[in-house]
There are 2 protein chains.
Amino acid sequence: MPESPYPMIPIEEAIDLVLQAVQPLPPVRAPFNDALGLVLAEDVHAAEPMPPFRAASVDGYAVIASDTAAIRQVVGDQSAGYVDDVQVTPGTAVRVTTGAPVPPGADAMVMVEFTEKQGGYVEIKTNVTPGRSIRAVGQDLADGQLVLAQGSLLGAPDIGLLAMIGKTQVLVHPAPRVGVMSTGDELVEPGNPLKPGQIRDANRFSLMSAVREAEGVPIDLGKVTDETGSLQETIERGLGKADALLTSGGVSMGQLDLVKPYLAEHGKIHFGRVRAKPGKPVTLATLKGVPVFAMPGFPVSALVSFEIYVRPALLKMAGRTHVHRPRRRVTLTHDVPHIAGRTEFQRAIVTHSTGGRYTAVTTGFQGSGRLLSMHGANALLVLPYQQADFPAGTEVEAIMTGPAQETDREPQ
Amino acid sequence: MPESPYPMIPIEEAIDLVLQAVQPLPPVRAPFNDALGLVLAEDVHAAEPMPPFRAASVDGYAVIASDTAAIRQVVGDQSAGYVDDVQVTPGTAVRVTTGAPVPPGADAMVMVEFTEKQGGYVEIKTNVTPGRSIRAVGQDLADGQLVLAQGSLLGAPDIGLLAMIGKTQVLVHPAPRVGVMSTGDELVEPGNPLKPGQIRDANRFSLMSAVREAEGVPIDLGKVTDETGSLQETIERGLGKADALLTSGGVSMGQLDLVKPYLAEHGKIHFGRVRAKPGKPVTLATLKGVPVFAMPGFPVSALVSFEIYVRPALLKMAGRTHVHRPRRRVTLTHDVPHIAGRTEFQRAIVTHSTGGRYTAVTTGFQGSGRLLSMHGANALLVLPYQQADFPAGTEVEAIMTGPAQETDREPQ
């Protein structure tokens, strides 16, 4: 039996090849309210100043600050939403509600708490300074100002800003649609009882969930069966509607492994083996310009490979510029056995203490089938291939897949 | 004009009152694949061991480890997905693919890379140890084992675990449905041109987005108009289909403020003023058991109030036990003016240097209408009411609303 035709490459090289193979998706026009979590593909400017008129920031009375009258005639009532035909002159005041225009003539607002109404008159019981409690025209946004720059990741305040300036359609990079399929004759659907030799398909569902967590849109392409043409049919169906494809299973060295030969024949394979555990046989190909990530079938291998190679790719396709997880130096709290020769990703829980130290505990038996080793983990420890066995107290690098746990003594 | 009837309470007390007023939503049964991001409301056990049979973890040959024959007869071919009627005896081997059952009699697998096929025979070119490359029954999950405990937040690996054990329906706390409405006669929809005195409604859209970011389900209840009964009609419509209600605007002290009197008359007000800026008039009430958060109308005030009071409430309703953002001690890189008397939340960008220090820069003018001051912010600085003006170099507390920016340069 020949060796695999694919050279074994380091992880860093594989990640570079992934990021070279994918590009931000072409921008689309979307309703602003559907753009949360997406990346803006245009500069957005204000078409008016905000506020567009001098607006009262309190409920109270519009007055002239230099006016010395203690008691002033109330000559009008300006509510929000329109402009009343009323003017403030010396000796007068106008009742104004929060958010309403301050009438011409006035240069200050006095909060209602500091006034006393007396019939058609109001007593001002505080000192008044010019400009007080008035939001100037353009105070929040100047006319024509750049509000959101191309490349901005749109969060809740940004959706509010788009509403405020009336930008109801925006050019954004869409969320990548990711077709997910499984291979493996032993796999049955989760709802099925197991016959001898069968297990249930976990990867399709964990990978579709991981796509969602990376803010992609999963497309369930089902399970590739052993019928002739099923792999081809499934991949072609996926190419028609997805921006990326994920397969799991069928990428090792066995006689029934279908995926790699198919990808080699119909597309271009960028890499087919990585010096990593789990995830050695992970494969990246492009078919008709669509990246296809062929992941190993072991549940941990598939999800770890997703984290290392697919997630950065999906974020780049979504137009993100920060596509990598933060990394931290963490101290091992126990011995971690490791076999040199391939870089190992061990699942761990990282804790941040009041003193600022990060410590790591692994999640027990690290078998590639033991999906439970990923439950509750917030980090992947990176154990480099050059070294064996890491004793307690060693500092290693951790890829933070979630926020560090904080100890009880973290300041409140 | 009388003072507000509501006592001014500290922020911490307001947060406590919020968390007392809301409870985890009653569990519902959901398809496992819809449970991503939700909290499990039952213990989930495995009903079978995983793997359920001795499974080959490589492609190769099943053999007897103590067998000394260099060349063995290949007596069968065991693919994945069924159990063949074949047995390994001394002098024989069976071809087995990854994931397939290891036939009876065999106690080790030899990778195909270490073998050579010769007609109906195979040469074993490596030492063989018992148990090698065989995944034992129950190695990943024991029969009856607790797989996921009540209270687990379900991530991608957990959805895979549920698929693996065939748990297709799970009891979870549902995502809270949150009705969002705006008040204010000056407000028009984002698609509308502005007439004099009008502005566009930003809060309904930023708050619905914030609900989504907190993994709630927003329900757009529209804008309360100035017609009699509109507030009542909108709130009653919301009570019929939402687990919590958010209003913005209409909570200060003016003559047209409708919300607080309505809530006082029809429900119970838990607090109506907080010693905070922005967000002083924020109000919590319960109506027919449903929490109603009445937020100020200024766009920044509404979103900051959401962050401080509503987000922890929604997370608690979703069954989460960790409902608070992490807090960090950060060093100000510039003078930060602050008026004593109320705790101020200033929007800032916090950077974490490789040396481990956290530093903060505020996002410019901190006006309550300047939504742009929230764009790109990853933290709210907490400037306590007891102290005025914070000079550069002061350490203050920051509520981390996003991950710290990372830099490998030491701060100045």
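Residues numbered from 1 in each chain as written. Chains lettered and ligands numbered in written order. Predicted model: local features only at pLDDT ≥ 70, side-chain atom pairs only at ≥ 80, totals over all residues.

**Topic: the domain arrangement of chain A**
Where interface size is given, it is often the accessible area lost as the parts come together that is meant.
Thinking step 1. For chain A, the assigned domains are domain 1 (8-25 + 175-317), domain 2 (28-47 + 149-173), domain 3 (55-135) and domain 4 (327-406).
Thinking step 2. Taking the mean C-alpha position of each, domain 3 of chain A and domain 4 of chain A sit 64 Å from one another. (Domains from an automatic or database assignment.)

**What about helix α6 (residues 299-317) of chain B?**
Residue and element names in this part refer to chain B.
Thinking step 1. Of all the bends in α6, the largest measures some 45 degrees and sits at Glu 307.
Thinking step 2. Among the 19 residues of α6, 19 are classified as buried, and the element is accordingly described as predominantly covered.
Thinking step 3. A positive phi of about 90 degrees marks Gly 319, the residue just after α6. (Bend = angle between axes of the 7 residues up to and from the residue. Helix = DSSP H or I, 4+ residues; strand = E, 2+ residues; numbered from the N terminus. Buried ≥ 20, exposed ≤ 12 C-beta atoms within 10 Å, placed from the backbone.)

**Overview of the sheet that holds strand β3 (residues 39-40) of chain A**
All names here are of chain A.
Thinking step 1. Reading across the sheet, the three strands line up as β2-β14-β3 and stay open at both edges, with antiparallel pairing between neighbours. What marks the edges here is a single partner per strand, and that holds for β2 (28-31) and β3.
Thinking step 2. Looking at chain direction, β2 and strand β14 (residues 169-173) are connected through four bridges and run antiparallel. Paired with Arg 29 across the bridge in β14 is Leu 171. (Pairing = 2+ DSSP bridges.)

**A closer look at the environment of Val310(A)**
All names here are of chain A.
Thinking step 1. With respect to the helices, strands and loops of the structure, Val 310 is situated in helix α6 (residues 299-317).
Thinking step 2. Between the C-alpha atom of Val 310 and that of Met 295, which follows or precedes it by 15 residues, the distance is 9.8 Å.
Thinking step 3. Apart from the residues within four sequence positions on either side, Val 310 is in contact with Leu 246 and Phe 293. (Contact = placed C-beta atoms within 7 Å.)

**A short note on the environment of Ala244(A)**
Residue and element names in this part refer to chain A.
Thinking step 1. If you trace the backbone, Ala 244 turns up in strand β19 (residues 244-248).
Thinking step 2. As for Ala 244 and Pro 337, which are separated by 93 residues in sequence, their C-alpha atoms are 36 Å apart.
Thinking step 3. With sequence-adjacent residues up to four places away left out, Ala 244 is seen in contact with Pro 176, Val 178, Val 290, Pro 291, Phe 293, Ala 313, Leu 314 and Met 317.

**Some points on the packing of helix α1 (residues 11-21) of chain B against α6(B)**
All names here are of chain B.
Thinking step 1. At a minimum axis distance of 9 Å, the contact between α1 and α6 shows a crossing angle of 30 degrees. With respect to α6, the element α1 is oriented roughly parallel. For α1 against α6, the interelement crossing comes out right-handed. Along its contact with α1, which presents Ile 11, Ala 14, Ile 15, Val 18 and Leu 19, the element α6 presents Ile 308, Tyr 309, Pro 312, Ala 313 and Lys 316.
Thinking step 2. Of the residues assigned to the contact of α1 with α6, the class counts are nine nonpolar, no polar and one charged. (Axes fitted to C-alpha atoms, helices over the stretch in contact; angles between N-to-C directions. Parallel < 35°, antiparallel > 145°, perpendicular 65-115°, else oblique. Left-handed = near helix turned anticlockwise from the far one by under 90°. Nonpolar A, V, L, I, M, F, W, Y, C, P; charged D, E, K, R; others polar.)

**Section: the sheet that holds strand β6 (residues 60-63) of chain B**
Residue and element names in this part refer to chain B.
Thinking step 1. Pairing is mixed in the open sheet, where six strands are placed in the order β9-β6-β8-β7-β11-β10. Of all strands in the sheet, those bounded by a partner on one side alone are β9 (108-111) and β10 (115-118). Strand-to-strand twist of the sheet, defined as the mean angle between neighbouring strand axes without regard to direction, takes the value 40 degrees.
Thinking step 2. Where β6 and β9 come together, four bridges link them in antiparallel fashion. Pairing of Gly 60 across the sheet is with Met 111, part of β9.

**Digging into the pairing of strand β24 (residues 290-295) of chain A**
Residues and elements named next belong to chain A.
Thinking step 1. Among the six residues that make up β24, five are buried, leaving the element largely enclosed by the rest of the structure.
Thinking step 2. Looking at chain direction, strand β23 (residues 283-287) and β24 are connected through five bridges and run antiparallel. Looking across to β24, one finds that Leu 287 is bridged to Val 290.

**Things to note about the relation of the copies chain A and chain B**
Thinking step 1. Here chain A sits on chain B after a turn of 180 degrees about the axis and a move of 0.0 Å along it, with an RMSD of 0.1 Å. Look at the turn and shift together and you get a two-fold axis relating the two. It is Gly356(A) whose C-alpha, among those of chain A, lies nearest the rotation axis, at 3.7 Å.
Thinking step 2. Both copies share a contact surface, since 95% of the interface residues of chain A are interface residues in chain B too. (Least-squares fit on C-alpha atoms with pLDDT ≥ 70 in both.)

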